[in-house]
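So you can see what is in the structure, the chains are spelled out below.
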Amino acid sequence: LSRSIQAQCFNLLEQLLLFDSDYGVRAAAAAAMGHLGDKAAVDILIRSCYEETEWQVQFSALVALGDLKDDRALPLLTQYLNDPNDILVQGAVGSLGEIGNAQSVEALLLVAKDAKDIMTRQRLAAALGVFVRIDPDSENNRMDLEDGQRDRILAKLKELAHDSHQFVAESAVDSLKRAGQDVTEMEEGLEAWSEDMLES
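What counts as what
Residues numbered from 1 in each chain as written. Predicted model: local features only at pLDDT ≥ 70, side-chain atom pairs only at ≥ 80, totals over all residues. Heavy atoms only, no water. Helix = DSSP H or I, 4+ residues; strand = E, 2+ residues; numbered from the N terminus. Contact = heavy atoms within 4.5 Å. Areas by Shrake-Rupley, 256 points an atom, 1.4 Å probe, with all protein chains shown as cover. Expected span 1.5 Å × (residues − 1). Buried < 20%, exposed > 50% of the residue type's maximum accessible area, 1.4 Å probe, protein only. Arc of directions from axis to C-beta. Core = buried A, V, L, I, M, F, W, Y, C linked by side-chain atoms within 4.5 Å. 1 Å grid on protein atoms, 1.4 Å probe; cavity = no way out; pocket = protein on both sides within 12 Å on 5 of 7 lines; lining within 4 Å. Points joined across faces, edges and corners; volume = space filled by probe spheres on them. Nonpolar A, V, L, I, M, F, W, Y, C, P; charged D, E, K, R; others polar. Salt bridge = Lys/Arg side-chain N within 4 Å of Asp/Glu carboxyl O. Axes fitted to C-alpha atoms, helices over the stretch in contact; angles between N-to-C directions. Parallel < 35°, antiparallel > 145°, perpendicular 65-115°, else oblique.

**Here's the deal with the overall build of the chain**
Of regular secondary structure, the chain possesses 11 helices and zero strands. Secondary structure of the chain in N-to-C order comes out as α-α-α-α-α-α-α-α-α-α-α. Principal axes of the C-alpha set define a box for the chain whose edges measure 55 × 45 × 30 Å. Considering only contacts in the chain between residues 6 or more positions apart, those separated by 24 or more positions represent 62%. Carbon and sulfur atoms form 49% of the exposed surface of the chain, whose accessible area is close to 11000 Å².

**Focus on helix α2 (residues 23-36)**
Across its 14 residues, α2 extends 20 Å between first and last C-alpha, which sits within 8% of the 20 Å expected from 1.5 Å per residue. Those residues of α2 that sit buried are Arg 26, Ala 27, Ala 29, Ala 30, Met 33 and Gly 34. An end-on view of α2 places all buried positions within 160° of arc, on one side of the element. Against α1 (3-19), α3 (41-51) and α4 (55-68) lie the buried residues of α2. A positive backbone phi angle near 85° is found at Gly 37, which sits one or two residues after α2.

**So, the nonpolar core**
Among the nonpolar cores identified, the biggest contains 60 residues, and Leu 17, Met 33, Leu 45, Leu 81, Leu 108 and Ile 153 are the most heavily contacted of them. When residues no more than four places from it in sequence are discounted, the contact partners of Leu 81 are Val 89, Ala 92, Val 93, Leu 96, Ala 107, Leu 108 and Val 111.

**Quick word on the layout of surface pockets**
Approximately 190 Å³ is the volume attributed to the largest pocket. Val 63, Asp 67, Gly 91, Gly 94, Ser 95, Gly 97, Glu 98, Arg 123, Ala 126, Ala 127, Val 130 and Arg 133 are the residues that line the largest pocket. Of all the elements in the fold, those that place two or more residues in the lining of the largest pocket are α4, α6 (86-99) and α8 (118-130). A per-element tally of the lining of the largest pocket places α6 first, with five residues. Grouping the constituent residues of the lining of the largest pocket by class yields four nonpolar, four polar and four charged.

**A word on the pattern of salt bridges**
Following the criterion strictly, the structure yields 11 salt bridges and no others. Across the pair Arg 47 and Glu 51 runs a salt bridge whose closest N-O atoms are separated by 3.0 Å. On the criterion of helical spacing, the pair formed by Arg 47 and Glu 51 is a turn pair, its members being four residues apart in helix α3. Here Glu 51 falls in the partly exposed class, since its relative accessible area comes to 49%. Lys 69 serves as the salt-bridge partner of Glu 98, at 3.2 Å between the closest nitrogen and oxygen. Remark: Lys 69 occurs in the loop between α4 and α5 (74-80) and Glu 98 occurs in helix α6; sequence separation between them is 29 residues. A relative accessible area of 42% means that Glu 98 is categorised as partly exposed. Residue Lys 69 is classed as partly exposed on the basis of its relative accessible area, which comes to 42%. Bridged by salt links that share partners, the residues Asp 43, Asp 70 and Arg 72 form one connected network.

**With respect to the packing of α4 against α6**
Remark: α4 packs on α6, axes separated minimally by 7 Å, with the N-to-C direction vectors making an angle of 10°. Relative to α6, α4 is oriented roughly parallel. Between α4, through Trp 55, Gln 58, Phe 59, Leu 62, Val 63, Leu 65 and Gly 66, and α6, the contact on the second element is made entirely by Ile 87, Leu 88, Gly 91, Ala 92, Ser 95, Glu 98 and Ile 99. Classifying every residue of the contact of α4 with α6 gives nine nonpolar, four polar and one charged.

Without other data, these values stay purely geometric and don't point to any function.
Written out as structure tokens, the structure reads:
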């Protein structure tokens, strides 16, 4: 898109997000702002989360903040980790993983300590994996973690790899694999699990 057209789209989306009477339109506008990629949307999306009363719109705004990958969203996203709505917690966890700022590690580990919701645990397995991932094409694979944080993340991922729900375990095993851990036995266990499910 040309700059002028993108600016027009941005202004229209802002108006729809903040003032449209249909929460479905507001949710779609929030999602579109994330896809548009203009970081000027960060403050607008944060404002929307504080002012909005519909969780569907809040969820779209949280996800969009993750798409924009801006550290200004960290305080809001961390706050939503304590929301009573599990879907909003999932959105916040996923976006903190997308942003990948090590400042959020402790908050994520705290949620992971007692996460009851299945999808929240799955999102945590993926998000925590971001902080220990090893890129074979990069010379710098050490995120600025505090002492012991990497080991604690890996320990939590190994715990989640034995979760009672398969897609939580699969997400954790994938994160461990990307972190350079030997997951051969875990993958064999998941494969046997899948075969049992097909036979049942």
